[in-house]
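# Residue-level structural notes
The lines below spell out each chain.
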Amino acid sequence: GCPEYTTTATVVVDACIEATADNTGDICSGDTFGLIGTATRDTATFEWTDAAGVVVSTEQNPVGLVAPSVPGDYVYTLIATYDNIDSEAVTTTLTVLPIPTAVITNANATICTGNTVTINLEGLANSTVVISDGTSNFNVVLNATGVGSYTSGPINADTTFVIVNATSDSAPSCEYTPIAGSTGSSVTIEVGVPDAAISAAAAPDVCSGSGTSIAVQ
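Notes on the structure follow. (Residues numbered from 1 in each chain as written. Predicted model: local features only at pLDDT ≥ 70, side-chain atom pairs only at ≥ 80, totals over all residues. Heavy atoms only, no water.)

With respect to topology, three strands assemble into an open sheet ordered 11-13-16, the strand pairing being antiparallel. Of all strands in the sheet, those bounded by a partner on one side alone are strand 11 (102-104) and strand 16 (147-151). Strand after strand, the sheet turns through a mean of 25° between neighbouring axes, direction not considered. Bridge analysis of strand 13 (residues 118-123) against strand 16 gives five bridges, and the strand direction is antiparallel. Paired with glutamate 122 across the bridge in strand 16 is valine 147. (Pairing = 2+ DSSP bridges. Helix = DSSP H or I, 4+ residues; strand = E, 2+ residues; numbered from the N terminus. Axes fitted to C-alpha atoms, helices over the stretch in contact; angles between N-to-C directions.)

In structure tokens, the structure reads:
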């Protein structure tokens, strides 16, 4: 028969690498955030990209990244590399929350001394708006359509109501502070006692029991 034949073979096992991706949590529009990466190889290198494929960072755990200005969900992808071998791409989704808005919709007005006034507000649904009359602060919770109002007590002097801030009901809570003097950030209510004077009588001299007309202005 045939002679026995023996040979050897070398099997090369490539080093496998796995990665995980996470982020520091939901944030408000314009705030900063961090990405968190792990790999099964200590000396791995890292590359983070956004949904458009743009490289965001080559650090394992980048921090101080500025969130997109438009609220929404944003996906970031991580690939870890070891010995020229790439891990499978893993992703993490960052949720960017909206900054609330708030405006006073009243126009400046004049009321009688001692009357009340209703301040109407519009802004981000379910947010809390703090307004001030210069002495006290008042909280107004906007409804699901973003509308709310505050009715004052009796007003006896000219009063300016201003928006102090607005806070969303999200977690984390996002806050808005209007620029002083900006449109819708305040309303001025003037008060006064109505006055009138008799300007003329149709017949200044009348007989007892008769009547006349009197003009008042």
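More follows now that the structure is in view.
Right, let's talk about the side chain of serine 168 for a bit. As for its position among the elements, serine 168 is in the loop between strand 17 (159-167) and strand 18 (175-176). Since its relative accessible area comes to 7%, serine 168 is described here as buried. Of note is the side chain of serine 168, whose polar atom sits 2.8 Å from the side chain of serine 170. For serine 168, the residues in contact, after removing those within four places along its chain, are Pro100, Leu124, Ser127, Ser173 and Cys174. (Buried < 20%, exposed > 50% of the residue type's maximum accessible area, 1.4 Å probe, protein only. Polar contact = N/O pair within 3.5 Å; in protein donor to acceptor, adjacent residues only side chain to side chain. Contact = heavy atoms within 4.5 Å.)

Bringing the nonpolar core into the picture now. It is characteristic of soluble globular proteins that their nonpolar side chains tend to be buried jointly. Ranked by internal contacts, the top residues of the largest apolar core, which has 19 residues, are Ile119, Leu121, Val129, Ile131, Tyr150, Phe161 and Ile163. Looking at this core, the elements that each hand over two or more residues are strand 11, strand 13, strand 14 (128-132), strand 15 (137-141), strand 17 and strand 19 (186-192). The contact partners of isoleucine 163, leaving out residues within four places of it in the chain, are Ala102, Val103, Ile104, Leu121, Val129, Val130, Ile131, Pro178, Gly184 and Ser185. Formed by 16 residues, the second largest nonpolar core is a distinct cluster that contains Phe33, Phe46, Leu65 and Leu78. (Core = buried A, V, L, I, M, F, W, Y, C linked by side-chain atoms within 4.5 Å.)

Structural measurements only, silent on function.
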